Amino acid sequence: MNMMRHPFAFNHPHRSLFLIVFFVSSVHLLPVGCTSGSREKVFPGKEWDIITPEKAGLNEAALTSIDSLMKKANANGVLIHNGYLVTEWCYGGAKETHFEVQSITKSITSSVLGLALHDGLIPSLDAKVKDYYPGLQVGPYTDEITFRHLVTASSGIKSTITEGRYFDPDNMKPGIESRYHNDHFHQLAAALTYIYCQELGEVFSNRVLQPIMAQDSMRWGYHRSSEVTCGNGRQTKVVGGYAFTHWSARDLARVGYLYLNEGNWDGRQLLPAAFTREARRAIPIPVMDMAPDASPDKRSNAKYGFGWRGKTSRNGKELWYMSGNGGQFCIVIPELNLVMTKINSYKVKPYTGIDRFEEHIWNLFPEINE
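Along each chain, residues carry numbers from 1 onward, in the same order as the chain's sequence is written. Totals for whole chains, interfaces and linings use every residue, but because this is a predicted model, local features are given only for residues with pLDDT of at least 70 and side-chain atom pairs only at 80 or more, for both listing and counting. The side-chain figures draw on all heavy atoms in the structure; neither hydrogens nor water molecules are used.

A. Up close: the pairing of strand β8 (residues 222-229). Summarising the sheet, β8 and strand β9 (residues 235-239) pair through 4 bridges and their orientation is antiparallel. The residue bridging threonine 229 from the neighbouring strand is glutamine 235, located in β9. A strand pair is defined by DSSP finding two or more bridges across the two strands. Each helix corresponds to a stretch of at least 4 residues labelled H or I by DSSP, and each strand to a stretch of at least 2 residues labelled E; elements are numbered beginning at the N terminus. The loop that links β8 with its antiparallel partner β9 comprises 5 residues; one of these, glycine 233, has a positive phi angle of about 90°.

Listed below in structure tokens is the structure:
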């Protein structure tokens, strides 16, 4: 009986060699820098590889507008596209200069929560915090609060750290509304310190900053004189989970690039991919931004994730960013493979924040506005 053979199932003394040659040849038919139809990932060593704006295909007029805003803010920053450094701003000092990035720290505390998930120290975001940090005591709904509630600022706890800054007069049930203030992330930092029985700055440096080859030694300050007593009796200081980290612009961009690549750094999964995606997804409850001048019933149109904020542009595309007082930010746009940081003294006014930069960032890519 004459049977149809698979095209590679022929009898030939050198068929193995033929197959090897065929597949190697096929690989070379792919576009340079691409694998299986997707762009090859580029990761920096100790320094970012540099590419010109022209070679990166970016609109130089938009880049000039961004440069003017950075200069006005006395800011440092970097623009990373496709894993390459396109430009670096040093209007606030040398490139190694550290700035206290204020609430960008909330996103870093969120990252340590991702580590705890990765390490199996908590089973899920919906685990009750009290089960893993017995010292939690934040009002009548303490036993109902989950890690998800803390990282989405929806725990319902009162604002006590910055008195008079936020309108939040009383406790409310968790999970009803996201009310942005510092206490959520302070309690998250305390819980994570108890779980690791180690200062979070050490945890983050060892587990994230060293693998991504951050060069300028992020510093993390403390919340007053707060400490937790770990299960083994050790007293451990609690960093400010809501502020007090000091960064250089280029090292903060490495953290942004880690999130852009869904927690993977050159083949090593440092944070859970699902967690990094969820961090950049709007939470499904109302958000009250709780700015000092906001009325009690004002709700923000901004999207909020796990310590990250999101904005939708007029072209329907989204950018997500870590945000800090003084107009400081670290932007991540995965679909454009772009990361941008802007950090500066938060005491200098007027602020030039994300709202001033957003249009110019999209204008870097004229083709997406057509």
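B. The arrangement of the packing of aromatic side chains in detail. Pairing of aromatic side chains here covers Phe, Tyr and the six-membered ring of Trp, requires ring centres within 6.5 Å, and sorts the geometry by plane angle: under 30 degrees stacked, over 60 edge-to-face, intermediate tilted. Applying the stated criterion across every chain yields a total of 12 aromatic pairs. Note on phenylalanine 204 and tryptophan 247: the rings are 6.4 Å apart at their centroids and 80° apart in plane angle, and the pair reads as edge-to-face. Remark: tryptophan 247 occurs in strand β10 (residues 245-247) and phenylalanine 204 occurs in helix α8 (residues 200-209); sequence separation between them is 43 residues. Taking relative accessible area as the criterion, tryptophan 247 reaches 1% and is therefore assigned buried. When the ring of tyrosine 242 is compared with that of phenylalanine 244, the centres are 5.4 Å apart and the planes differ by 65°; the resulting orientation is edge-to-face. Burial classification: accessible surface area is computed with a 1.4 Å probe over protein chains only, and a residue below 20% of its type maximum counts as buried, one above 50% as exposed, and the rest as partly exposed.

C. Highlighting the pairing of strand β15 (residues 309-312). Pairing of strand β14 (residues 303-304) with β15 involves 2 bridges; the strand directions are antiparallel. Directly across from tyrosine 304, in β15, lies its bridge partner arginine 309. With antiparallel pairing between neighbouring strands as the criterion, β14 and β15 make up a hairpin whose turn holds 4 residues, including glycine 307 at a positive phi of roughly 80°. Bridge count between β15 and strand β16 (residues 318-324): 4 bridges; the pairing is antiparallel. Note that in β16 the partner of lysine 311 across the bridge is leucine 319. Linkage of β15 to β16, two consecutive antiparallel strands, is achieved through a turn of 5 residues, within which glycine 316 is found at a positive phi near 80°.

D. Structural context of the environment of threonine 152. Note on placement: threonine 152 falls in the loop between α6 (147-151) and β6 (178-179). Among the polar contacts made by the side chain of threonine 152, one reaches the main-chain carbonyl oxygen of histidine 149 at a distance of 3.5 Å. A polar contact of 2.7 Å, which involves the side chain of threonine 152, links it to the side chain of serine 154. Polar contact is the term for a pair of N or O atoms within 3.5 Å; when the atoms are in protein, one must be able to donate a hydrogen and the other to accept it, and sequence-neighboring residues count only if both atoms are side-chain atoms.

E. The side chain of serine 154, seen in detail. Along the polypeptide, serine 154 turns up in the loop between α6 and β6. The class of serine 154 is buried, set by a relative accessible area of 3%. Note on contacts: a residue pair is in contact if any heavy atoms of the two residues lie within 4.5 Å. Beyond its immediate stretch of four places on either side in the chain, serine 154 contacts Arg148, His149, Pro174, Gly175, Glu177, Ser178, His184 and Ile285.

F. Representation of α8 in the model. Among all positions in α8, only Leu200, Gly201, Val203, Phe204, Val208 and Leu209 are buried. The buried residues of α8 all sit within an arc of 155° when viewed along its axis, so they share a single face. On its buried face, α8 is in contact with α4 (104-118), α7 (183-196), β7 (219-220), β9, β10 and α9 (249-260). Note: the arc covers the axis-to-C-beta directions of the helix.

G. Representation of the nonpolar core in the model. Side-chain atoms within 4.5 Å are what join buried Ala, Val, Leu, Ile, Met, Phe, Trp, Tyr and Cys residues into a set we call a nonpolar core. Judged by nonpolar contacts, the single largest core of 77 residues is most densely connected at Leu113, Phe147, Phe204, Trp247 and Val255. If we skip the residues at most four places from it in the chain, phenylalanine 147 touches Leu113, Ile122, Ser124, Leu125, Ala127, Lys128, Val129, Tyr132, Leu188, Ala191 and Ile195. Membership of the second largest hydrophobic core comes to 28 residues, among which are Leu319, Phe357, Phe365 and Ile368.

H. Inspection of the packing of α4 against α7 at higher detail. Between α4 and α7, the shortest axis-to-axis distance is 10 Å and the interhelical angle comes to 35°. Relative to α7, the crossing made by α4 is left-handed. Residues Lys106, Thr109, Val112, Leu113, Leu115 and Ala116 of α4 form the contact with α7, whose own contacting residues are Phe185, Leu188, Ala189, Leu192 and Tyr196. Partitioned by chemical class, the residues of the contact of α4 with α7 number 9 nonpolar, 1 polar and 1 charged. A fitted line through C-alpha atoms serves as each axis, taken over the contacting stretch for helices, and the angle formed by two N-to-C directions is quoted from 0 to 180°. For any helix crossing, the convention is left-handed if the near helix is rotated counterclockwise from the far helix by under a right angle, and right-handed if that rotation is clockwise. Any residue outside Ala, Val, Leu, Ile, Met, Phe, Trp, Tyr, Cys, Pro, Asp, Glu, Lys and Arg is labelled polar, Gly included; the first ten of those are nonpolar and the last four are charged.

I. Region of interest: the pattern of salt bridges. The working definition used for a salt bridge is a side-chain nitrogen of Lys or Arg within 4 Å of a carboxyl oxygen of Asp or Glu. According to the stated counting rule, one finds 14 salt bridges in the structure shown. As a salt-bridge pair, arginine 250 and glutamate 96 come within 3.7 Å of each other at their nearest N and O atoms. You can see arginine 250 sitting in helix α9 and its partner glutamate 96 sitting in the loop between β4 (84-90) and β5 (99-100), a full 154 residues away along the chain. Arginine 179 serves as the salt-bridge partner of glutamate 177, at 2.8 Å between the closest nitrogen and oxygen. On the basis of relative accessible area, arginine 179 is assigned to the buried category, the value being 17%. One network of salt bridges, with partners in common, ties together Glu47, Glu96, Asp216 and Arg250.

J. Main features of the sheet that holds β14. With antiparallel pairing, 7 strands are arranged side by side in an open sheet as β4-β3-β18-β17-β16-β15-β14. For this open sheet the edge positions go to β4 and β14, each flanked by a neighbour on one side alone. For β16 and strand β17 (residues 328-333), the ladder comprises 5 bridges, and the chain directions are antiparallel. The residue of β17 that forms the bridge with tryptophan 320 is valine 332.

No statement about biological role is implied by the geometric values presented.
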